[in-house]
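# Breakdown of the fold
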Amino acid sequence: MLIRRAEAAGGFATVLAKGDDTSGIILVQCSNRGDPGPLLERRFAMTGGYIWESVGPEDPKDGESAENYRQRRRDADPDLWIVELDIADAPRLVAEWAALT
């Protein structure tokens, strides 16, 4: 659904790594016209439900550190989904999608 919403809004989205269909954590690499933005991770909240948090390197433009973070997370959790969104204000799109799910 996230990919379809991004494409419908004129952006690009792709799955970089496929995880478990029912229990995989989702990691979203946000970009705007190829300019790297925040790395967002959906996590289960202690209060129930899910929350989205900014994770990874402090500087989202540090591509090598971001890739190393994604690889470490994938190595630690093979059920992890990694999705790349390239659209203006990708974090807003993620928040809208999260509200629907």
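Residues numbered from 1 in each chain as written. Predicted model: local features only at pLDDT ≥ 70, side-chain atom pairs only at ≥ 80, totals over all residues. Heavy atoms only, no water.

## Concerning the sheet that holds strand E2 (residues 26-32)
Here is the rule we go by: Between any two strands, at least two bridges found by DSSP are needed for them to pair. In this description a helix means any DSSP run of H or I spanning at least four residues, a strand means any run of E spanning at least two, and both kinds are numbered starting from the N terminus. What counts as an axis is a line fitted to C-alpha atoms, over the stretch in contact for a helix, and the angles between N-to-C directions run from 0 to 180 degrees. Note on contacts: a residue pair is in contact if any heavy atoms of the two residues lie within 4.5 Å.
The sheet built from five strands is open, its strands ordered E1-E5-E2-E3-E4 with mixed pairing. Among the strands making up the open sheet, the edge pair consists of strand E1 (12-17) and strand E4 (50-55). Neighbouring strand axes in the sheet, compared pairwise and without regard to direction, differ in orientation by 25° on average. In this sheet, E4 lies alongside strand E3 (residues 35-44) in antiparallel orientation, the contact comprising six bridges. Each residue of the ladder has a partner; that of Arg-42, found in E4, is Trp-52. Contacts between helix H2 (residues 63-76) and the sheet are confined to E1, E2, E3, E4 and strand E5 (81-86), with E3 contributing the most and set at about 25° to the helix. The strands touched by helix H3 (residues 90-100) within the sheet are E2, E3, E4 and E5, with E2 carrying the most contacts at an inclination of about 140°.

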